[in-house]
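In case you want the letters, here they are:
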Amino acid sequence: MAGGIEGGDADRARRFRDAALPHLDDVYTLARYLLGSAADADDAVQECYLRAFRHFEGFRGQAIRPWLMAIVRNVCRSEFARRAGTASDLADVAEDALPMWQEADSSPETALLRQRDSQAVAALVAALPEPFREAIVLRDISDLSYREIAEVVGVPIGTVMSRLARARSVLRAAWLKSQNQPQFEERSL
Amino acid sequence: MTCEETRILVHALIDGELDAGHAREVEAHVAGCPGCAAQLHDYRVMRQALAAAALRHQAPAALRARIEAALPARRPVVASSRRSLLQGFAMGGLLSGAMAAGLVVFVMRREEGQGILGDVVSAHLRSLQGDHLIDVQSSDQHTVKPWFNGRLEVAPPVVDLTAQNFALIGGRLDYIDGKPVAAIVYKRRAHVINLFVAPAAALVSGPEASPTIEQVQGFNIWRWTHAGLAYWAVSDINADELREFGEKLVAAINGGA
């Protein structure tokens, strides 16, 4: 009878809603940083939740947050693949194609001490090239464990570690550079 | 340990992903290497600044409403609107957020008797998402209690348990099983406790019931039926603390009435 089917659907919807919706901000945040625009992120997150609900029956056991974030990441990547010209932006980068260490020199004068305002920090993160931006968002903004990041991105944990090391190295270099430019200086009063 | 190894592993150290043995090795290397020490310092500063910078975005309420509206509801009577909603969803948001938000109330807040505990958890979760935890913000029971006048058919008891370490922070109107209920909001440390109060006749069958605790979807729910009112307290605090909350509440209601 139709009522039974509706009931099953509703139970599934209820379980899905209760499990998946608390992670909406994290999913949305990843989409915002991957796609840049709020409108695109809206569409990607809707599509993500639609797909996730469709496949919710097959989802068992694992933590749901990395699962959702892997889905939204795939949605964002296919969105990029569809846009001609920008397809390379989210393409996989060969790990050894990236320079290993481009650490900025450390000395007392270059130490990264300053508390930056949110906007300046957000701009630095947004300016990071992929896959570094993604690594920073997953680890430093959404607080995923290395194992969860490995699951979202689909790479071994060792790759997560080296990627994160490089991502922070690039971010630190950009940070040091920006804090030495007067227009970014913050007055301590 | 070499500098190269250290410069990967400092991140795992900062992130708490390193086992004790490797953590000691990294710390030993850093102690004798000013270059690596400076980097570790910078990365710690950077991680703190990232954490403090409010870089997490909040999903727009309209987006949340569209997603909720696209999920199936139980009642067959809404099946057709659900189907058209799903279609709108699949086609990329043809539906306006405001319209969807109105429908969410219609399709979501209806459940049969046995679904009430699930409804209680859903209402609790909804209150934690977005910015609708409280309609009336006050730690004063004499402000919160009158606020419900005219909004509900009953006057829920509002007791201040701040002295018992459950701080009253306010109240709001919510819905359980499609019926308006009082939600009185308390905090224990950083944890929210929603206390829902409704006329017992409308929502639960059977006579007075002494307090019980059960777990639903990972949340603890304390329930009590007394003097014609049904109470549900739901929170993610542990069962013992929630039981304590219940005991203080019962004592205050019995003693204060």
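All of these numbers come straight from a predicted model, not from anything done at the bench.

### As for the sheet that holds strand S5 (residues 209–216) of chain B
Residue and element names in this part refer to chain B.
Turning to step 1, where the next piece is worked out: Judged by pairing direction, the sheet is antiparallel, and its seven strands sit side by side in the order S1-S2-S3-S4-S7-S6-S5 without closing on themselves. The open sheet is flanked by strand S1 (136–137) and S5, the only strands paired with a single partner.
Turning to step 2, where the next piece is worked out: Pairing of strand S6 (residues 219–226) with strand S7 (residues 229–235), which is carried by seven bridges, proceeds in the antiparallel orientation. If you follow Arg223 over to S7, its bridge partner there is Trp232.

### Thoughts on unusual backbone geometry
Turning to step 1, where the next piece is worked out: A cis amide bond, omega 5 degrees, links Glu130 of chain A with the succeeding residue Pro131 of chain A.
Turning to step 2, where the next piece is worked out: Tracing the sequence through the fold places Pro131 of chain A in the loop between helix H5 (118–126) and helix H6 (132–141).
Turning to step 3, where the next piece is worked out: A positive phi is found at Asp143 of chain A, a non-glycine position, where the angle reads about 65 degrees.
Turning to step 4, where the next piece is worked out: Looking at the element boundaries, Asp143 of chain A is found in the loop between H6 and helix H7 (146–153).
Turning to step 5, where the next piece is worked out: A residue is classified by how many C-beta atoms lie within 10 Å of it, and Asp143 of chain A, with 13 of them, is partly exposed.
Turning to step 6, where the next piece is worked out: Not every positive phi belongs to a glycine, and Ala54 of chain B is a case in point at roughly 55 degrees.
Turning to step 7, where the next piece is worked out: With respect to the helices, strands and loops of the structure, Ala54 of chain B is situated in the loop between helix H3 (34–52) and helix H4 (61–70).
Turning to step 8, where the next piece is worked out: For Ala54 of chain B, a count of 13 C-beta atoms within 10 Å translates into the label partly exposed.

Conventions adopted
Residues numbered from 1 in each chain as written. Chains lettered and ligands numbered in written order. Predicted model: local features only at pLDDT ≥ 70, side-chain atom pairs only at ≥ 80, totals over all residues. Pairing = 2+ DSSP bridges. Helix = DSSP H or I, 4+ residues; strand = E, 2+ residues; numbered from the N terminus. Buried ≥ 20, exposed ≤ 12 C-beta atoms within 10 Å, placed from the backbone.

In short, the description is geometric, and any link to function would need to be established separately.
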